[in-house]
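The primary structure of each chain is shown beneath.
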Amino acid sequence: AKCVDIALSSCTDVAYTQMAYPNFLDQKSREVIEYSSEYLLISVLHNLLQGECNPDLRLLGCSVLAPQCEKDKVIKPCRHVCENLKKNCLPAFDAIDMAWPYFLDCDRFFAGEEEGCFDPLAKLRGEVDVEEDLPSDLPATFIQFKHHSYSQMVSTLKKTASKCSHIATTYSIGRSFEGKDLFVIEFSTKPGHHELLKPEFKYIGNMHGNEVVGKELLIYLAQYLCSEYLLGNPRIQTLINNTRIHLLPSLNPDGYELAAEEGAGYNGWVIGRQTAQNLDLNRNFPDLTSEAYRRAGIHGARLDHIPIPQSYWWGKVAPETKAVMKWLRSIPFVLSASLHGGELVVTYPYDYSRHPMEEKIFSPTPDEKVFKMLAKAYADAHPVISDKSELRCGGNFVKRGGIINGAEWYSFTGGMADFNYLHTNCFEVTVEVGCEKFPLEEELFTIWHENKGALLNYMEMVHRGIKGIVSDKFGNPIKNARISVRGIQHDVTTAADGDYWRLLPPGTYIISAQAPGYSRVMKRVTIPAKMKQAGRVDFVLRPAEAWPNKLLRRSMENMYDPYDPLELYDPHAQHGQPEARGGSPAGREKPWWWSYFSSLDLHKPLWLLKQ
């Protein structure tokens, strides 16, 4: 073989620079490859599979069509990489009635590790960027205050979880459009598991790729929590021992890469803000706020757990958005904050205005008092936000205490905070952490110290209000029971183990619990002003002689539309095989994707048709 530079446009981002002709398919020139059905397939797979399994599949295909060449020797891609990807991605092919491509035959074109193969997906796993080794005598709380590339972020999170393996783990909630894992680091006394009555908390950063401070703060926070727990810091140990904490530093890693190309100090509002699909993630969630406004005047209507309208799925929904929605359904989150940049203020729902012309106007939720308490918890603990000077970043909000109702600032639809509140039990605020979206590295240390106390203080707010277990008279937990507060038109529901959490400010309340087939139970509860831990309020429900409201029963049993596409969406494409489709009968019309190959004439990929 003779090594030559790669000139195939769909393969220029592989982790190597040279290939050899002929390739593994015996294609002897660039022109032959570019006009082949195999090359056309890897070029359009991201469209055919709606972003799933890509760019992994494209890079795997490139390893066969443009094989790695070093010192005039061709190196085969690793068989185990192919097998893992096939296992994970075959359901995506089945979903569009497409056969697995013959040139990705793991036995035919790939090699075992003992034969000296290479991993064509190493670039996606953060294994290409080599970090400099740090001195071994650094103190336990050492944090590098720098900007992290995607691979450096992943490496730091994994090292942190390894250092604190008894209280931390990492996992991915799905993939970005370009195939990067959306990594989360979790802290808990039982990592990976929900524990009875232990509330779930999350921070999300870098939703807009060019707003990078939130991402760095969460990377620093992860290292701080780990180190301080090991050092015996009582505040951190109490927090982790009693809370399950999830930190997602970068929801938009694709957008971050674009912004990072501009470099630190870039404060533009456009480059990198959106995803690789050109979508603004904070405008991409279902608009449930309009439905909440419609329901608000209806007696007895609830402003919670509103289902996603079918019309939402007719538009373009980012895989990052779907991944967050699936995440919200899989874990009973209680409290959350999304970290943004460009201002210095804490905003809370609703973000979409109740004004008929969508003009900015105060648009409170039924939980206005709760949200103000939460927003103030962050603002008051932040030394700059709480500063009374108006001649500074965020000075416009001084008279409001550094907080504002989102729609009163400016109105937008499709936001993540409104969706959290109206579709799940989770309360979420938005923290604008500074006027510079991409500050210089020398500013990061100061930014961390300004936000550290506020980040911790806000997490501790997950323990305000009440919590408890709803069970039947035999002690069996009741899932999806509703916890109602008289005078607040917004319920929360119990998790799978019958436990619940209801954030509330100090005061006296009438709390009730109800579930299909059971009589309602009511209790009078007083939360003292100085109480810093959630009060325990359990409910034992007894069977009702008759269920009076069939409509309510049905709505409570079916929290989500059984035909909701989100239920079928797998952000990793690895957890389940869709229902098997019938064979292709003779004479059946070609699948919808066949038109992509109409230009090939004599070389149409019949091997993609299922027999």
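Note that the structure is predicted; figures quoted are calculated from it, not measured. All chains use their own residue numbering, which begins from 1 and follows the written sequence. In keeping with the model being predicted, local features are shown solely for residues with a pLDDT of at least 70 and side-chain atom pairs are shown and tallied solely at 80 or more, while totals for entire chains, interfaces and linings include all residues. Side-chain numbers here rest on the full set of heavy atoms in the structure, without hydrogens or water.

Quick word on the packing of aromatic side chains
Moving on, step 1. Stacked, tilted and edge-to-face are the three classes applied to pairs of Phe, Tyr and Trp rings, where Trp contributes its six-membered ring and a pair requires centres within 6.5 Å; stacked means planes under 30 degrees apart, edge-to-face means over 60, and tilted covers the rest. This structure, assessed with the given rule, holds 28 aromatic pairs.
Moving on, step 2. For the pair Tyr348 and Phe371, a centre-to-centre distance of 6.3 Å together with 10° between the ring planes defines the contact as stacked. Highlighted residues: Tyr348 in strand β10 (residues 343–348) and Phe371 in helix α11 (residues 368–380), separated in sequence by 23 residues. By the burial criterion, Tyr348 is buried, and Phe371 matches it.
Moving on, step 3. Where Tyr500 meets Phe539, the ring centres are 6.4 Å apart and the plane angle is 50°; that geometry is what we call tilted. Here Tyr500, found in strand β16 (residues 499–502), pairs with Phe539, found in strand β20 (residues 539–541); they are 39 residues apart in sequence, far enough to count as distant.
Moving on, step 4. Among the residues examined, Tyr500 registers a relative accessible area of 0% and is labelled buried.
Moving on, step 5. Placement of a charge over a ring requires the Lys NZ or Arg CZ to be within 6 Å of the ring centre, with the centre-to-atom vector within 35 degrees of the ring normal. Directly above the aromatic system of Phe333 lies the positively charged group of Lys202, at a separation of 5.5 Å from the ring centroid.
Moving on, step 6. For the cation-ring pair, Arg283 lies above Phe412, with the distance from its terminal atom to the ring centre recorded as 4.0 Å. The secondary structure listing takes helices from DSSP runs of H or I that are at least 4 residues long and strands from runs of E that are at least 2 residues long, numbered from the N terminus. Three exposure classes are used, based on accessible area relative to the maximum for each residue type with a 1.4 Å probe and protein chains only: buried under 20%, partly exposed in between, and exposed over 50%.

Here we look at α11
Moving on, step 1. Expected span of a helix, by definition, is 1.5 Å for each gap between consecutive residues, and there is one gap fewer than residues. For α11, spanning 13 residues, the distance from its first C-alpha to its last is 18 Å, which sits close to the expected 18 Å at 1.5 Å a residue.
Moving on, step 2. Within α11 the residues assigned to the buried category are Glu368, Val370, Phe371, Met373, Leu374, Ala375, Ala377, Tyr378 and Ala379.

Some details on the sheet that holds strand β17 (residues 507–514)
Moving on, step 1. Sheet architecture is open: 4 strands sit in the order β15-β14-β17-β18, paired in antiparallel fashion. Sheet topology places β15 (488–493) and β18 (521–527) at the edges, where each strand pairs with a single neighbour. Going across the sheet, the axis of each strand differs from the next one's by a mean of 30°, ignoring polarity.
Moving on, step 2. As judged from the 4 bridges shared by strand β14 (residues 482–485) and β17, these two strands associate in the antiparallel manner. Its bridge partner lying in β17, Ser484 is registered against Ser512. In this description, strands pair whenever DSSP reports at least two bridges between them. For helices, the axis comes from a line fit to the C-alpha atoms of the stretch in contact; other axes are also lines fit to C-alpha atoms, and the angle between any two N-to-C directions lies between 0 and 180 degrees.

Concerning the state of the cysteines
Moving on, step 1. Disulfides are defined in this document as cysteine sulfur pairs within 2.5 Å. In this structure the tally under the stated criterion is 6 disulfides.
Moving on, step 2. Here Cys78 pairs with Cys117 through a disulfide, and the sulfurs are 2.0 Å apart. Handedness here is read from the sign of the S-S torsion; for Cys78 and Cys117, about 90°, the answer is right-handed. On the criterion of sequence distance, the pair formed by Cys78 in the loop between β4 (73–75) and α4 (79–95) and Cys117 in the loop between α4 and α5 (150–163) is long-range, its members being 39 residues apart.
Moving on, step 3. Judged by its relative accessible area of 4%, Cys78 is buried.
Moving on, step 4. What makes Cys117 buried here is its relative accessible area of 17%.
Moving on, step 5. Two residues, Cys82 and Cys106, share a disulfide whose sulfurs are 2.1 Å apart. Measuring the twist about the S-S bond at about -75°, one finds the Cys82-Cys106 disulfide to be left-handed. With Cys82 in helix α4 and Cys106 in the loop between α4 and α5, this pair connects stretches of sequence that are 24 residues apart.
Moving on, step 6. Classification of Cys106 as buried rests on a relative accessible area of 7%.

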